Structures are given as structure tokens and as C-alpha cells.
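Observations on chain architecture
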Protein chains: 2
Amino acid sequence: MELPERKRRILKAIVENYINTAEPVGSKALADSFDTPISSATIRNEMSELEEMGYLEKPHVSAGRVPSFAAYRLYVNELMDRHRVATNELEAMRLMMESKMREIDNIVVSASKVIGEMTQHTAVSMISRKGGDRVKRCELIAVDSGSTYAAVLVTGSDVKNKMLRLAAPVAPSTAAMLCTALNLAISENRLEYLLPSVAQSMGEDSQVYQMTSDILDFIRQTEAGSKPEVYIDGAARLLDNREYQDTGRAREVLEYFSDRSKVGELLESADGDPINVRIGPELQDPSMRDASLVFTSYQIDPNTRGIVGIIAPARMDYADVTAKLMAFTQAISGVMGRQRKQLKDAGETDEQRTENDEDTSR
Amino acid sequence: MELPERKRRILKAIVENYINTAEPVGSKALADSFDTPISSATIRNEMSELEEMGYLEKPHVSAGRVPSFAAYRLYVNELMDRHRVATNELEAMRLMMESKMREIDNIVVSASKVIGEMTQHTAVSMISRKGGDRVKRCELIAVDSGSTYAAVLVTGSDVKNKMLRLAAPVAPSTAAMLCTALNLAISENRLEYLLPSVAQSMGEDSQVYQMTSDILDFIRQTEAGSKPEVYIDGAARLLDNREYQDTGRAREVLEYFSDRSKVGELLESADGDPINVRIGPELQDPSMRDASLVFTSYQIDPNTRGIVGIIAPARMDYADVTAKLMAFTQAISGVMGRQRKQLKDAGETDEQRTENDEDTSR
DNA sequence: TGTTAGCACTCGGGAACAGTGAGTGCTAAA
DNA sequence: TTTAGCACTCACTGTTCCCGAGTGCTAACA
């Protein structure tokens, strides 16, 4: 059931007005803001119908109307102007990205910083790896005289290391043997037989047994996929919004933020859309009831993608935020794409790595 | 100039009263709270003298008095009862530490969580390494067909790795040679001659040159000491305090928190004292003017120490907080000590690693 | 039939105001 | 030196009142 044009225009105006002022909007003020002359009475009629349809709410009888969550949803889906970011803003973002990427050695952190500063909202950012990376190889490196080793795991796209502190030294030659056995087990995909066999040959009390067990744990952990790290930038900016002037509310949300895994789950839910918008109740969490999350994802490499978004009151400038997020994704994909392409090209021409490449890989 | 006994008792009572109620304390209420009968008029006289001496302040003429920062300082230095933590609380802490240490793989995070939950304040925690760790060895590991290597650096106490993405493949044998050269240069302490010599033999455009340069950067970076990671737990708890009901103030402090390096600097300033207390203006930052920081440090290994503390309004229960921090340090040093001792003992008896050991090294 | 003008009604919020009570400083007596 | 007494201050609270923005309804109008 399509909303008639005039209702759409009115609803859009109400949402935008409310986004800007955070105050219930009344019929009179709204009538004035239209260029086509239309009386406040007419608007009142339309409003009361929109209210019946569930798009508007009255805080109390003699106040104006406030958009419902359904209204925000409709606004985002159909009403909102998908405006482009001004070129000077784009330029600013590009600059910001460049400087941030240089100064901070992590794309996730940079992403949240850039988006946070651009939108002046709380930004969240994380990296999501598709599937657990299979461990391809393992190296053992003696750190000191032999009672500390570092286990280094090589996966398809990453290298991880972990210190193994042993209760007694293990000879380098023994470690080397263990390493060979491990790599054999890895390549033959027979990891589960390794521990029993070590137990048999060396005994369950041996340092080697302990070591093997630790390494296997480490491998399992790595393949299970590390819990993704979630970064949050500018949580304090939340307090700038009228809806969080009440410390109780603010506390709830900040508390929610501090449980990164919840935020991470939310972000993981990104579907194929370029921009995902979750409004208020759609976030499924009471403490976030009057907030919205807008986020997008970008490819970092074939099985890694970054997700970045902002969390702000449901009354937020969706048009602005989505535009900025889009611009960001484009910019970053540009950088990434160029980098990947370079790598390929370079395979033939052996040309020098460029500045961009260096920035992000650092 | 020593404060007479009665003034001390009155000041102490005022501070403690204010800590509990967050409300200006008046002469009458205070007189009642003393067991030795003493009239409110007398207290008024004493109070007005204490005010002259700079220990008390009046929010306005007909309110009670509020302790000044100087009063807090005096309270912490001389007046406060250094009470011990109740044994059941100690037990709770021990349990908490055990579970946290198991579930979170990082001592810094655990420390802040435990202290944060114990005190119900915002906890900060970091690790500070004495001096840049010298790199002792370097390994190169091929990740894929040769265009990606991982550089693994071994320092006295740690192992770090970093991916080197190359524009063109480098043969494993070449990498091995580079590795040997690197280790030679490291052991002979002649790193600065390496790059020029690679340039000469391989050319400045070569992948090996690029690789060497990246590795040298990485080494330099590692030896310079990574910027310490600072963890903050329960920032939202700040909002529970009356002094941060005002969102403006709260925002300032949260903003301050988000700049970890500032917090880190503060913590680094720990001197030899078991407990450090920085009250209000002593924090040297306008946004922290009415907050205090109480922190302590504990040894992790010979040149690594952990620092943990809490940030809360200047009106905080110093006695409680310091006691809890002390208890924490003791507990953690106990764990660490046992671990170290075990390592040594184990050298002779080759006994199994214990649970504690495993917990913290994970 | 849809739109508009007019009107009575609602109700949150701000201003004005008075009363309360916890607090103070001062003075004079114990 | 301490204390009782007293006058004074002033934040805070509750009440009342009024304003005005906003609504719904009705009747006139295009």
C-alpha cells in the first residue's frame, strides 16, 4: 500500500525537521516550511492519519508529533535523498585517511577514527575474516636458553606467534624434531594423532608433551578464528545528543559498548547491501532502543573484510551518514584495489611499491 | 605546622562524611556523629579555622562545608585509616582473578577488569617495559609462494612478527641469505652497515633491498619500545557518580580517557611508592580537575611491570580503594612469584607446569 | 469531496513566589 | 575555651498562574 505523494512529503519533512531540531514538530511550523502553500489544518489532518498508520507519535496531546521507528525505516528506505558528499568533504576524508593510515598502524582503528570524526558520532569498526584460517605451517623458535620457545603459526594470510614457557629446558634439536613432526601432521591433516604418539614416545610428564599440547591448543585456537577486535571511537560524543543527556540512558549505552562482542555480533550481521541500517528496536537490545546503527563493509583481501559504521540516536542524519560511509568505502576500496592490482602488476614488472601500499600494510 | 588533634578528627570526619554522602557537611550533623559530646558551635569555630587554612570550602554561605583538594591530600597522607580488605573480599578477588585470568588472555585486561569490578570505579591498566628490548635474533618465514614473508623478531622476553608484502617474489634461498646476514649484523651490532651493502650488491630497486629496509624499520620500531597499551574498564561507571551527572563534565573525562596515551603517561609516572595517589589538580589536566587517580604497580618479570589503578571523583573512598589495590598487587605478585619460583625449581625437578602458570601465559 | 479558517480545549513548561530548614557567624554567658 | 542562643542567608521545594504551541472538531468554501 503505497503512501500518497503528499503524505510522503509531509512525513519526510517531519523526519528531517525532527532530525535537525530534536523537538516535536507541529502543523503550523511545518506548513510554513513548505513552498507550495498548504494550510496547517490540512497538515493536521494528514498528520492524524499518519499517526493512525503508525508513522507518527505524540509525546503528549499538546506537543507536536515525533517520527516513529517505522517512519525512520520508511525514510531510510524510500524518502531520504541519497545525496553525495561535497567534494571538499571528500577531499577532507581523503586527507584524513592518509594521515591516519600513516600514523596509526591499524586499518580498523583508522577506519573508526576517520568515520567518527567525519560524522561527529560514535564510530565502530572491526575486521571479519571469512572462515577460520587453516594453519599451513608451524615454526618453533628458541627465545632463551631453551625453556622458552615461540611457536609461530603461518596461515593463508597471517602469521601469529605465542610464547611457550616451559618448566624445564628442551634441547633445540628436540624442538626441531617436534617441529618436523608437527608440520608433517599438519600437511597430512592428522593432528589428532600427534599428541598420543608424543605421549607414548616421550611420556605424558615430559616437557615435549606439554609443549605439543600447548601448540595444538594454539593451532586449534587460531583455526577457530580469533574473536574479532572491535574498535570504538568517540563514545563520548554520544553525550552530545539530547537523548543521552539523561545519564541513565547514556550509561546503558556506554555499558553496551564496553561489551565489544555484542557490538561485533551486530556488525557481523552485515548483509550484501552497500549500507546497512538498523533502527532502534531492530537492534534487539533494550539499552539500544532509541539508537540506530548504520554500517557498511569493505573488502580488505579475498577473505577479509572490514566493517565500519556509526551508532547514534535513531534521530540522526541518515542521509549524511550513509553518504559519508559510502564515500569512505569507495575511498578505501580504491586504495585496496590499487594495492592489489599493483601486487599483480608488479609480479611482471617488478616495480617499486608505492606510498599507498606502504601506508596500509604497516 | 602540625594540625591539632581535634582539628584532625573533625577534618577526617568531614572528609569521610563527604565521601559517603557527596553532600556538604554541616556543623550540626557532624557534632551528632561524634561520640565525645562536642557542640556544633565549637565545630563551627574549628571549621571556620580549617576553612582559613585552606582545607575546607563553602559552596555557598548557607550550605555545609566541602573538603578542598588539600584536605584530600592530607587525608590520604595522614588521616586515613589504612584498613585491610575483609577476608571475604580478598577471597572474592582471588576467585575473580582466577576466572578472569583464565577467560581473558591478557594480564592487563584482567587487571583492569578485576580492579574495576572490585571497586566499582573506572579502572585503568597498562604494562610498562623497562628500556627498549634489544632484538636478539630475526627469522624470516615464507608465507606464500614468496611474495609474502613474515619477519619474526626475538627479543629478550618477547617475540614479534610482522608481514612483509613484496611487490615480487623473493626466492627462499635469497631470504635465507638475507636472514643470515641480518643475524650477523645484529650480533655484531653493525645494523647500520647492512642496508648500504645490500644496496650495493643487489641494487636499490631490488625486492631484497625493500625487504631489508622494512625489516630494519621493524627492528628499530621494536627496540624503540612499542607504545604501551592502556586498558580502561568500566568507563561508564563514572556516570554513576554525582559529580558526573552533568553530561558536560562526563564528556570531558570520557574524551580524556579515549586518548590512551595521556592516561598511559599518567600511569608511567608511578614512583617507588606502593600506592600512588594523584588528587585533582595534581593530574595537571583541566578535564580531570575534580577526579583523582590511585594506582599501584606490580612486577611481571625483571624488566616488565604492570600498572593498575582507578580513576574516580576526588571524593572517593581512598581507604577502600588503596586497600583493594594493595591486596591486588599482593595477590598478583604472589601468583607471579610462585610462577617464577616454579620455573627455577622445575629446572631441577622437571615438574609439571601448574594451573597458575598456564593461566597467565596464555 | 477535499481544503481551509476558526475556535475551543489541552497541557507542558517557565516565571513568580512563599515557606522550609539546614547552615552560618556573632555575641554573651558559663 | 566552650557553648547556648539568635538573627540571618540562601538553596531548594511546592504551588500557582499564565503563556503559547499544538490539537481536534466543525462549518464554510472551492
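Residue numbers restart at each chain and count upward from 1, following the sequence in its written direction. For naming, the first written chain is A and the first written ligand is 1, with later ones following in the order written. With the structure being a predicted model, the display of local features is reserved for residues of pLDDT at least 70 and the display and counting of side-chain atom pairs for 80 or more, all residues being used for whole-chain, interface and lining totals. Just so you know, side-chain values use all the structure's heavy atoms and leave hydrogens and water out.

**Looking at the interface of chain B and chain A**
By a widespread convention, an interface's size corresponds to the accessible area lost as its parts come together. On the side of chain A, 47 residues touch chain B, which itself brings 47 residues to the contact. A buried area of about 4200 Å², summed over both sides, lies between chain B and chain A, and 50% of it is on carbon and sulfur atoms. Only one rule defines a salt bridge in this text: a Lys or Arg side-chain nitrogen within 4 Å of an Asp or Glu carboxyl oxygen. Scanning the region where chain B abuts chain A turns up two salt bridges. Note that A:R251 and B:D240 form a salt bridge whose closest N and O atoms lie 2.1 Å from each other. N or O atoms within 3.5 Å of each other form a polar contact, as long as, within protein, one can give a hydrogen and the other can take it, and as long as residues adjacent in sequence are counted only when both atoms are side-chain atoms. Seen at the junction of chain B and chain A, the total is eight residue pairs in polar contact (both at pLDDT 80 or more). Working rule for contacts: check all heavy atoms of both residues, and any pair within 4.5 Å makes them a contact. Two parts placed together each lose some accessible area under a 1.4 Å probe, and the buried area is that loss summed for both.

**Side note on the protein's contact with DNA strand D**
We call a residue near a molecule or strand whenever a single non-hydrogen atom of that residue lies within 4 Å of it. Within the structure, DNA strand D sits among 19 residues, and A:S27, A:R65, B:T42, B:V61 and B:S62 are positioned closest to it. Close to the protein, within 4 Å, the atoms of DNA strand D are drawn from sugar and phosphate at a rate of 79%. Between DNA strand D and A:K58 there is a distance of 3.1 Å, counted from a phosphate oxygen to a side-chain nitrogen or oxygen. Within the side chain of B:R44, a nitrogen or oxygen atom sits 3.2 Å from a base oxygen of DNA strand D. The helix and strand labels rest on DSSP assignments: H or I over at least four residues marks a helix, E over at least two residues marks a strand, and numbering proceeds from the N terminus. Breaking the surface near DNA strand D down by element, the ones donating at least two residues are α3 (40-52) of chain A together with α3 (40-52) of chain B. Of the residues that constitute the surface near DNA strand D, the class distribution is five nonpolar, nine polar and five charged. Under the scheme applied here, ten amino acids are nonpolar (Ala, Val, Leu, Ile, Met, Phe, Trp, Tyr, Cys and Pro), four are charged (Asp, Glu, Lys and Arg), and all others, including Gly, are polar.

**Considerations on the packing of aromatic side chains**
Residue and element names in this part refer to chain A. Any two rings among Phe, Tyr and Trp, with Trp reduced to its six-membered ring, count as a pair given centres within 6.5 Å; such a pair is stacked if its planes are under 30 degrees apart, edge-to-face if over 60, and tilted if neither. Scanning the model with the defined rule gives four aromatic pairs over all chains in all. Relative to F328, the ring of Y298 has its centre 5.8 Å away and its plane inclined at 75°; by these criteria the two rings are edge-to-face. A residue pair is termed long-range when its members are at least 10 positions apart, and Y298 in strand β9 (residues 291-301) and F328 in helix α12 (residues 318-349) qualify at 30 residues. Both residues of the pair, Y298 and F328, count as buried. Per-residue accessibility, obtained with a 1.4 Å probe over protein chains only, is compared with the maximum for each type, and a residue is labelled buried under 20%, exposed over 50%, and partly exposed between these values.

**Description of the layout of surface pockets**
Residue and element names in this part refer to chain A. Grid points spaced at 1 Å and placed over the protein atoms alone form the basis of the search, with a cavity being a set where a 1.4 Å probe fits but cannot get out and a pocket an open set showing protein on both sides within 12 Å along at least five of seven lines. Lining residues have an atom within 4 Å of a point. Grid points are joined across faces, edges and corners, and a volume is the space filled by probe spheres set on the points. The volume enclosed by the second largest pocket comes to roughly 400 Å³. Lining the second largest pocket are 21 residues, and of these M80, R82, I275, T322 and M326 sit closest to its centre. Here the lining of the second largest pocket gets six residues from one element, more than from any other, and that element is α12. Looking at the lining of the second largest pocket, its residues break down into ten nonpolar, five polar and six charged. Domains are outlined according to an automatic or database domain assignment. Each of domain 1 (5-79) and domain 2 (87-131 + 228-351) accounts for three or more of the residues forming the lining of the second largest pocket.

**Looking at the protein's contact with DNA strand C**
Around DNA strand C, a shell composed of 19 residues is seen, among which A:R6, A:T42, A:V61, A:S62 and B:S27 lie nearest. The share of sugar and phosphate among atoms of DNA strand C within 4 Å of the protein is 79%. Contact between DNA strand C and A:R44: a base oxygen at 3.2 Å from a side-chain N or O atom of the residue. Contact distances for DNA strand C include 3.2 Å between a phosphate oxygen and a side-chain N or O atom of B:K58. Those elements that place two or more of their residues in the surface near DNA strand C are α3 of chain A together with α3 of chain B. Here the surface near DNA strand C gets four residues from one element, more than from any other, and that element is α3(A). Across the surface near DNA strand C, the residue classes break down as five nonpolar, nine polar and five charged.

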